[in-house]
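Listed here are the chains, written in short residue letters.
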Amino acid sequence: MRRPGRWTVNFASNLAGFEECFCPSMKRRSRKPSKSAQQWKSNLDEAYKAAVMVTQGETTGQIAVNIFGSKSTACLTRVSSLLKLAEREGLFSLAGQLDVKTAAKLQAWCDNPEMKLHVVKNDHLAYSGNVAVDEAMRADAVARKAAEVVAERIAKLLHKFRHHKNRRIVVANAGGYAVSRIVHFLASHRTVPEETNPRQLDFISLNSASMPTDYGRSANTLAVRMAEIYGGSHIALCPIWPQHIADQYQRAVSNIDLLICGAGSNQSILFTWLRQHAGVNLPDDAVGDICLIPISRDGHEVPLDETSRANLNARVDLQPSYSDLHSLAGRNGVIFVPMGFLSASAPDNPAGSSPEHSKLAVTRAILKHSLAHTCILGNSLAQALIESSEIPAPDA
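What counts and how
- Residues numbered from 1 in each chain as written.
- Predicted model: local features only at pLDDT ≥ 70, side-chain atom pairs only at ≥ 80, totals over all residues.
- Heavy atoms only, no water.
- Pairing = 2+ DSSP bridges.
- Helix = DSSP H or I, 4+ residues; strand = E, 2+ residues; numbered from the N terminus.
- Salt bridge = Lys/Arg side-chain N within 4 Å of Asp/Glu carboxyl O.
- Buried < 20%, exposed > 50% of the residue type's maximum accessible area, 1.4 Å probe, protein only.
- Contact = heavy atoms within 4.5 Å.
- Axes fitted to C-alpha atoms, helices over the stretch in contact; angles between N-to-C directions.
- Right-handed = clockwise from strand over helix to strand, strands pointing away.

### Description of the sheet that holds strand β9 (residues 288-290)
What links the strands of a sheet is backbone hydrogen bonding, and the strands pair in either a parallel or an antiparallel sense. Taken together, the 3 strands give an open sheet; going across it, the order is β8-β9-β10, and neighbouring strands pair in antiparallel fashion. A single partner strand is all that each edge strand has here, and the edge strands are β8 (264-265) and β10 (293-295). Two elements, β8 and β9, share 2 bridges in a ladder whose sense is antiparallel. If you follow Ser265 over to β9, its bridge partner there is Gly288.

Written out as structure tokens, the structure is:
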């Protein structure tokens, strides 16, 4: 079924330039175009066709068949490249639109008028036949909106403290897949208001957790990257830790203005890796974690056993405490972006067929206990929360 209107489109403003540059009748030169120019025009023509089909609700598989006559892996990859080209040329945006109706229902479900919810339409984003590709596209639609929200909050902080030249603005991150995707799109949303100084910004890492083959998702790496985007300072957690840097870091942790995080399920990659290689076991009654703090179904902290706590503290320098996180959330200082998957990668099931979203339980716990007052999520997860049997959905 076609689902129009799920994309932000700039066709009207770009068609004139598109035709002027690439329609043969508009060319001023009479000599025959080079092969490279012909190939570029062909690529952009195909990118334009793919973008039009997306806005009409076509899936990547359908686009591949329509343009290339096949839904092979190579053709699906080619469609992905064409859509990126179309976006880069300004023909359309891959950012999903907001689902206002579902957001209103989720707001009632949360029973918290102070909650700021951004629900992105990503439930029928694509069915390429490759579950991993589909889930990555859905996650990126959420990440783009989250990057926009983060950039707006940073701009507001810069404006708020523009006359306090010695005031440090602390932006913290807990690392992980969700934050890494947000940072990936952050530069395109970066805004520095007039009369503000981005050098007031301190970007800090809240833990030193990392995996040697996936270090790009570490909080350390992401703090550095955000500082590069804004031209601010950063503090990353390192083995060599001079006292004056330790003191500076503790002051920053005690004065966080904005914290960006995702959530881990009880089967998260990081905790699985920590269990296998660092002797850290997630408690049985924990549904997941926020900022590497295990939480129960009702959103309360679940203490690690003594050995696991010691091993975790020795390896990841965990910040902040649960009580500090809860206080920061109460000041709307936490931006929470849950990203997971709908299907357990079962090859016989279409994406979205799993009865429970992988981040359902932990997201429910976080929102129920108000551990974050700003949340950006996909409408598949939002619908799962509303339909959750534990807490009835509001009356229609």
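That shown, we press on.
### Quick look at the pattern of salt bridges
This model, assessed by the stated rule, comprises 8 salt bridges. A salt bridge links Asp202 to Arg168, with the nearest nitrogen and oxygen atoms 2.7 Å apart. You can see Asp202 sitting in strand β5 (residues 201-205) and its partner Arg168 sitting in the loop between α6 (131-160) and β4 (169-173), a full 34 residues away along the chain. Exposure remark for Asp202: the relative accessible area of 8% places this residue in the buried category. Notably, a salt bridge pairs Arg309 with Glu301, separated by 3.9 Å at the nearest N-O pair.

### A word on the environment of Leu117
With respect to the element layout, Leu117 can be found in strand β3 (residues 116-120). Among residues more than four places away in sequence, those in contact with Leu117 are Ala103, Leu106, Gln107, Cys110 and Cys375.

### Let's talk about the sheet that holds strand β6 (residues 233-235)
Strand order across the open sheet formed by 7 strands is β3-β12-β11-β7-β4-β5-β6, with parallel pairing between neighbours. The open sheet has two free edges, formed respectively by β3 and β6, since each of these has just one partner strand. Neighbouring strand axes in the sheet, compared pairwise and without regard to direction, differ in orientation by 15° on average. Taken together, the 2 bridges between strand β11 (residues 334-336) and strand β12 (residues 374-378) define a ladder with parallel strand orientation. Its bridge partner being in β12, Phe336 is matched across the sheet by Cys375. Against the sheet, helix α9 (residues 243-254) contacts β4, β5, β6 and β7 (256-261), and its axis sits at roughly 100° relative to β5. Against the sheet, helix α14 (residues 379-386) engages β3 and β12, with an angle of about 105° to β12.

### Focus on the pairing of β7
Burial within β7 is extensive, with 6 of its 6 residues counted as buried. Sheet topology note: the β4/β7 ladder contains 4 bridges and is parallel. By the bridge assignment for β7, Asn173 is matched with Ile260.

### Points about the pairing of β5
Burial analysis of β5 places 5 of its 5 residues in the buried class, the great majority of the element. Across the two faces of β5 the burial is the same, with Leu201, Phe203 and Ser205 and Asp202 and Ile204 all buried. Examined bridge by bridge, β4 and β5 share 5 bridges and lie parallel to one another. Note that in β5 the partner of Ala172 across the bridge is Ile204. Sheet topology places β5 next to β6; 3 bridges connect them, and they run parallel. In the strand pairing of β6, Ile204 is matched with Ile235. Handedness of the crossover is the feature at issue here: the chain leaves β5, passes through helix α8 (residues 219-230), returns alongside β6, and the resulting connection is right-handed.

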